[in-house]
Amino acid sequence: MKIVISGFYGLGNTGDEAILKSIIDNIRSEVDKPQITVLSLSPEETAKTHNVHSIYRGWRHQNKMKIRALRKADVLISGGGGLLQDTYPTKFLFGPLPYYLLVVLLAKLVGTKVMFFSQGIGPVTSKWGKFLMRTLANKADFVTVRDQYSKDYLEKLGVTKPETVVTADIVFGMKPSDDDRLYKSLPLKGDETLAAVSVRPWFTNEEYYEKLAKSLDELIEKRGVTPVFVPMEGKYDVTASEDVKKHMKHSDKTMMLERDATPSQYLNFISKCDITIALRLHALIFSALSNVPHVGISYDKKVESLLNRSGMWPYSFRLEELDSDKLVENAIHLLDNAEDEKSKMAPRVDAMRSDAMENLVLLNKHFGK
């Protein structure tokens, strides 16, 4: 099967690179003789990392190569991740939503089938964005989404022509790794209570830095926790982590992993932690995959959907409702009752892992030869 993959790839976001790795690894294990081309902002790096053919994803270069690859392909995989949204500025043909849908249109114009793969949908709030969804998203041949919310959202937007199946984020199909270089890089004795902390910039609610700092200080004082910041998106998360540390009394008792490590290395590190406190969706997914109890701080429905499915939503918060004292209380509960919480979480994660692999079953069913 000849496959072109379109997504937020080659931009240094750990979550999206984990998605790409999971798609490629599972295609190779589940699809007969795949030939894979990835549209990437860093095509040389993507090609080297994944041993695939890669083409520059922007419209400034290699457009003939894009058309040629799409024409030869059996299917365009659009996804996974939260591609179809207009949170970022969307003006006519500029912005993520027009970009991904124009790739879909190009595929259809050259006669190639399209699968939206393990996508999270929305928000789409602009009139132009809604028009594009009704007009172009309906051209997909088949759709899988990572949660029920996304399926319902598509229907509200008027995207009803392609069959849509709820699966799970494809990262739940990510293969485990024994690369523990990040863990070994830290000055640890081995008996610490480790908390993986994953934050991101959020300019409309920067007060959460102060609230989270207060919680981390209390966890250090009350339980001797060692917070370790996990920068899932390079310099942006390093800056946000430093902003949290500026508000802490005990910032000297925190650590920070190096930026731009591989998804497998971050997953392996989180698997060795006792708890995760995170905004980043894929830090929470890595925690669930590793059966590590987690407190999520939800800035988007996709985070809340994941936390409901993992069973950790009762211990988590919406960003605007973050309560420092309650966060400490919930984190201590999860630490004190870790085995019980893990036993409740495990079957939920197994179900999501199975749902994630269903993406490949459906790919073969609808587009395999």
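Refer to the structure presented above.
Residues numbered from 1 in each chain as written. Predicted model: local features only at pLDDT ≥ 70, side-chain atom pairs only at ≥ 80, totals over all residues. Heavy atoms only, no water.

**Description of the sheet that holds strand E3 (residues 53-56)**
- If you walk across this open sheet you meet the 7 strands as E3-E2-E1-E4-E5-E6-E7, and the pairing is parallel. Only two strands of the sheet have a single neighbouring strand rather than two, namely E3 and strand E7 (163-166). When the angles between neighbouring strand axes are averaged without regard to direction, this sheet yields 20°.
- Across the sheet, helix H2 (residues 43-50) is in contact with strand E2 (35-40) and E3; its angle to E3 comes to roughly 165°.
- Of the strands in this sheet, strand E1 (2-6), E2, E3 and strand E4 (75-81) touch helix H3 (residues 63-72), which is tilted by about 135° from E3. (Pairing = 2+ DSSP bridges. Helix = DSSP H or I, 4+ residues; strand = E, 2+ residues; numbered from the N terminus. Axes fitted to C-alpha atoms, helices over the stretch in contact; angles between N-to-C directions. Contact = heavy atoms within 4.5 Å.)

**Describing helix H10 (residues 263-271)**
- Burial runs high along H10: 8 of the 9 residues are buried.
- Within H10, the full set of buried residues consists of Pro263, Ser264, Gln265, Tyr266, Leu267, Asn268, Phe269 and Ile270.
- For H10, the elements touching its buried residues are helix H1 (14-30), helix H7 (181-185), strand E8 (193-198), strand E9 (225-229), strand E11 (275-278) and helix H11 (281-289). (Buried < 20%, exposed > 50% of the residue type's maximum accessible area, 1.4 Å probe, protein only.)

**Notes on unusual backbone geometry**
- Here the amide bond leading from Gly79 into Gly80 is cis, since omega sits at -5°, within 30 degrees of zero.
- Along the chain, Gly122 connects to Pro123 via a cis peptide bond; the corresponding omega equals 0°.
- Along the chain, Pro123 turns up in the loop between strand E5 (113-119) and helix H5 (127-136).
- At Asn51, a residue that is not glycine, the phi angle is positive and equals roughly 55°.
- Note that Asn51 resides in the loop between H2 and E3.
- In the Ramachandran plot, Asp260 falls in the positive-phi region, its phi being about 65° despite a non-glycine side chain.
- With respect to the helices, strands and loops of the structure, Asp260 is situated in the loop between strand E10 (255-256) and H10.

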